[in-house]
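# Reading the structure
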Amino acid sequence: MSLTKSQLQQLLTELYQSDPNLKKQERELISIINQISASAPVININPAFIKKLKNELMSQVTVAKVPVVNYNIMKKLIYSFYGAGAMVLVLALGFAVMNGKPAPVVTKAPTPAQQVAVIPKLNQLGEMAFGSLSTVSAGPAMMAERGAVGMGGGGGGSATAMTSAVAPVADAKRIMPPFEMKNYRYVYKGKALELKSDKLAVLKRVRGLSTVEVPDLISGLGMDFINANSFSGQSLQNLTLIQRSDFGYITNINLDEGLVSIYQNWETWPAGKCGNDNACFEAQRVSMSDLSAEADLIKTANQFISDHNIKVSDYGDPEINSDWRRYYDLTTDKTNYYLPEAVEVIYPQLIDGKFVYDEWSGAKVGLSISVHAKYKKVVSVNNLASQNFDSSLYEMETDAKQILAYAEQASNGGIYYMQEDQANKVETVEVELGQPEESFIKIYIYRDGRNNELLVPALRFPIINAPQDVNFYRKSVVVPLAKEILAERLNSVIPSGGPSLMMKN
Amino acid sequence: MTFDIASIIRDCQSGRSDSFGLLYDAHVKSIYSFIYQRTWHTETAEDLTSQTFFKAWKSIGQFNSAKANFKTWLYAIARNTVIDHYRAVRNETDLDSVLELADPGDLDLDLDNQELLVKVQGYLSSLETKQRQIILMRLWDGLSYQEIADILEIKAENCKMIFYRAITKLRADLALIAIYLLALITNLYVIN
């Protein structure tokens, strides 16, 4: 790293603040600083590595969902988490704001018959109205941080030193069995593919909820120390509502994104009241018997939906995410396994009777409601989003060979292909793919500084013989049919030299 | 382009993987550079960068954006990962004895940079571990004193003082070398 003139000047100024006499040795100081700066090694990051790691990360991240919270760390953090005073409003207000009027009542999950009829609000646009579907356009250039960045001196940053949250990371008790490296080779075992449509509608979720008159809202807050209405062109972006009664919630309404998240107001839940009492924390730990009654969990989630008028007509019948049980069964050290305190109930998203899948895990995506296993109460609601879409026709791939090529190879994203040599023997496991079904795949493309959510027609290949390995996370292989996206995915696959090329520069 | 970091982290904590992708995009290059500058080996740097981001995801539920800065939190994870790496390969158990910098004697080093590393070790060999850490974080990674302080869990003022002492130490070393060379030249002149 070579310093700019202003960076060098900044460093010198700081040194002179510590010892003004140093100014006499300025030339020597400049020479020392420049020598050290210039001695940094030249760094050439392999772009393939950046992309490969992101693919790997996104697939794992999608599977992992909400990370398991360590009790001891949570205990330390809780006092600082909700320190800021906030409005105490009733939860129901959130839903009134979300819909722009008192919420319409749809209280139960749709039956299978309803699923076929579910079509969200679509706004038909011309062909290719969203422009290029390429997902590799330039990402965010930089992230705004609270702290000072670069050579900006000692300013900014959080005044408090970090909590001990980082330290336990390296030594934390494993919640999963060790990661075993294997290669997975997908082989299609179904009939010949029939691809009828060369153009299909791609859907783009329309962000934003009804606008709220900011002056009206602010005038209701009774602030006499500033006229917050004096800023022109204001709009409301986020609204956070806190419920402080027992088993309370925090509701975050992102009006810009048209997204509502609800999560527990931890300090009002039993574990949040334990303070430094370890025995109290231990008493909150979930046991296997708490997790046994899955039907009760769905009942609790349905009741919550009904109590709060959450609109679920765009979602299918609820399903339990039992991933934790699979990892639990595979782990050898069951006594030290952290059982999840909450189990996720998914209401899968439906578009015209077709399920929507996540690209990297091949799992259904939809409204996620987590239910506390011990208290049988909802802990969080995620992915509750406005279901208005723009629709535009795009060219689809009709060459079955291309689709199968991606299903069999590119579905790996290249990321699990491990280097294989004499010393490092990596087992390759064959995974069979069955006859595909029509579906949608959820893809994000970054445009104009924001992530846009697209639902793209896809074929979903079920996995017939899922390996019982810890690191095998896939539920199915989902292939986007949009020609541009598929071509891009195929171009990023492993070159024909074989797996060993992937880990090299 | 700017983002509301707190809301991105909230999204991550509620399981939105695309939001974690944004954090990855924004930081992967600087984290890789940080790790490479301490390992001088491409494959090791790639491996440790991967570990850093996986650890970050697993722990993001515990991250408190009201108290800590995400960037420095991530750097702290990267630094711990590098320390763990050296503790394993050099069989060192004392955290302070881990120098967090490749040694010319290490087996895995990118050949192109070996000569440069010898030079760097030469400059910095007289410094204490903490001085060396702060010098590198400030001059190579471009981190502010506050950021370094957050990562090392010390006060920013201490950090600034350690940097000052390190630079004056290097300057004194340089002066000593100059005196020694002068004495050598003078002696040679007298002998002749």
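All residue numbers refer to position in the chain's written sequence, counted from 1. Note on labels: chains are lettered from A, ligands numbered from 1, in written order. Selection of residues for local features in this predicted model requires a pLDDT of at least 70, selection of side-chain atom pairs for listing and counting requires 80 or more, and totals for whole chains, interfaces and linings are taken over all residues.

### Regarding the overall build of chain B
- Helix and strand content of chain B: 8 helices and 0 strands.
- Note on conventions: DSSP H or I runs of at least 4 residues are helices, E runs of at least 2 residues are strands, and numbering of each starts at the N terminus. Mapped from its N terminus to its C terminus, chain B presents α and β elements in the order α-α-α-α-α-α-α-α.
- Residue burial is a threshold on neighbouring C-beta atoms within 10 Å of the residue's own C-beta, all placed from the backbone, with 20 or more meaning buried, 12 or fewer meaning exposed, and counts in between meaning partly exposed. Scored against the burial criterion, the 192 residues of chain B give a buried share of 49%.
- We call two residues in contact if the C-beta atoms placed from their backbones are at most 7 Å apart. Partitioning the contacts of chain B with sequence separation of at least 6, the portion at a separation of at least 24 is 56%.

### Some thoughts on the overall build of chain A
- Scanning chain A from terminus to terminus reveals 14 helices and 17 strands.
- Residues counted as buried form 31% of the 505 residues belonging to chain A.

### A look at the sheet that holds strand 8 (residues 342-348) of chain A
All names here are of chain A.
- When DSSP finds at least two bridges between two strands, those strands are taken to pair. Across the sheet, 7 strands lie side by side as 4-5-6-12-11-8-7; this open sheet has antiparallel pairing. In the strand order of this sheet, the two ends are held by strand 4 (238-242) and strand 7 (319-320), each with one partner.
- In terms of strand pairing, strand 11 (residues 366-372) meets strand 12 (residues 378-385) through 4 bridges, oriented antiparallel. Within the sheet, the bridge partner assigned to Ile 369 lies in strand 12 and is Val 381.
- Where helix 11 (residues 294-307) meets the sheet, it contacts strand 7, strand 8, strand 11 and strand 12, and its direction lies at approximately 115° from that of strand 11. Working convention: axes come from line fits to C-alpha atoms, limited for helices to the stretch in contact. Angles between N-to-C directions cover 0 to 180 degrees.

### Considerations on helix 7 (residues 145-152) of chain B
- Among the 8 residues that make up helix 7 of chain B, 8 are buried, leaving the element largely enclosed by the rest of the structure.
- Among all positions of helix 7 of chain B, only Tyr 145, Gln 146, Glu 147, Ile 148, Ala 149, Asp 150, Ile 151 and Leu 152 of chain B are buried.

### Section: the nonpolar core
- The term nonpolar core means buried Ala, Val, Leu, Ile, Met, Phe, Trp, Tyr and Cys residues held together as one set by C-beta atoms within 7 Å. One finds Val 371, Ala 407, Val 456, Ala 458, Val 479 and Ala 482 of chain A to be the most contacted residues of the largest nonpolar core, which totals 66 residues.
- Ranked by the residues each element gives to this core, the list is headed by strand 16 (residues 450-462) of chain A, at 6 residues.
- Setting aside its immediate chain neighbours within four residues, Ala 482 of chain A contacts Leu 133, Val 202, Tyr 394, Met 396 and Val 456 of chain A.
- Membership of the second largest hydrophobic core comes to 59 residues, among which are Phe 34, Leu 143, Leu 152 and Ala 166 of chain B.

### Here we look at the pairing of strand 12 of chain A
Residue and element names in this part refer to chain A.
- Burial runs high along strand 12: 6 of the 8 residues are buried.
- In the sheet, strand 6 (residues 259-264) pairs with strand 12 via 4 bridges, with the strands oriented antiparallel. Note on strand 12: the bridge partner recorded for Leu 259 is Ala 385.
- Joining the antiparallel neighbours strand 11 and strand 12 is a turn of 5 residues, in which Lys 376 adopts a positive phi near 50°.

### Examining unusual backbone geometry
Residues and elements named next belong to chain A.
- The backbone of Met 128 shows a phi angle near 50°, a positive value even though the residue is not glycine.
- Considering the arrangement of structural elements, one finds Met 128 in the loop between strand 1 (121-124) and helix 7 (168-171).
- With 15 C-beta atoms packed within 10 Å, Met 128 lands in the partly exposed category.
- Phi angles above zero are rare outside glycine, and Asp 352 is one such case at about 50°.
- Along the chain, Asp 352 turns up in the loop between strand 9 (350-351) and strand 10 (354-358).
- With 15 C-beta atoms packed within 10 Å, Asp 352 lands in the partly exposed category.

### Some remarks on the packing of helix 1 (residues 5-18) of chain A against helix 2 (residues 26-38) of chain A
All names here are of chain A.
- The geometry of helix 1 relative to helix 2 is characterised by a closest axis approach of 11 Å and an angle of 125° between their N-to-C directions. As summarised for this structure, helix 1 and helix 2 are arranged oblique, according to the angle between their axes. In the crossing of helix 1 with helix 2, the sense of the turn from one axis to the other is right-handed. For the pair helix 1 and helix 2, the contacting residues are Leu 8, Leu 11, Leu 12 and Leu 15 in the first and Glu 26, Leu 29, Ile 30 and Ile 33 in the second.
- Just so you know the grouping, Ala, Val, Leu, Ile, Met, Phe, Trp, Tyr, Cys and Pro go in nonpolar, Asp, Glu, Lys and Arg go in charged, and all remaining residues, Gly too, go in polar. Of the residues that constitute the contact of helix 1 with helix 2, the class distribution is 7 nonpolar, no polar and 1 charged. Any angle between 65 and 115 degrees counts as roughly perpendicular, while under 35 counts as roughly parallel, over 145 as roughly antiparallel, and the rest as oblique. Left-handed describes a crossing in which the near helix is turned anticlockwise from the far one by less than a right angle; the clockwise case is right-handed.

### A few points about the packing of helix 13 (residues 400-408) of chain A against helix 14 (residues 483-491) of chain A
Residues and elements named next belong to chain A.
- Remark: helix 13 packs on helix 14, axes separated minimally by 10 Å, with the N-to-C direction vectors making an angle of 50°. Taken as axis vectors, helix 13 and helix 14 run oblique relative to one another. Helix 13 and helix 14 meet at a crossing whose hand is left-handed. Where helix 13 approaches helix 14, its residues Gln 402, Ala 405 and Tyr 406 are matched on the opposing element by Leu 486, Arg 489 and Leu 490.
- Of the residues belonging to the contact of helix 13 with helix 14, the class tally is 4 nonpolar, 1 polar and 1 charged.

### A word on the confidence of the model for chain A
All names here are of chain A.
- Averaged over all residues, the pLDDT of chain A equals 71, while 68% of them reach at least 70.
- Think of pLDDT as the predictor's per-residue confidence, scored from 0 to 100. Per-residue pLDDT stays below 50 along residues 136-179; that stretch engages in 116 contacts with residues further than four places along the chain or on separate chains.
- In the predicted structure, residues 494-505 sits below a pLDDT of 50 and forms 18 contacts with residues beyond four places in sequence or in another chain.

### With respect to the environment of Leu 143 of chain B
All names here are of chain B.
- On the secondary structure map, Leu 143 appears in the loop between helix 6 (129-139) and helix 7.
- As a C-alpha pair, Leu 143 and Thr 72 span 71 residues in sequence and 9.2 Å in three-dimensional space.
- The contact partners of Leu 143, leaving out residues within four places of it in the chain, are Met 137, Arg 138 and Ile 148.

### Observations regarding the environment of Ile 445 of chain A
- As for its placement among the helices and strands, Ile 445 of chain A is situated in strand 15 (residues 437-447).
- For the pair Ile 445 of chain A and Ser 132 of chain A, spaced 313 residues apart in sequence, the C-alpha to C-alpha distance is 9.6 Å.

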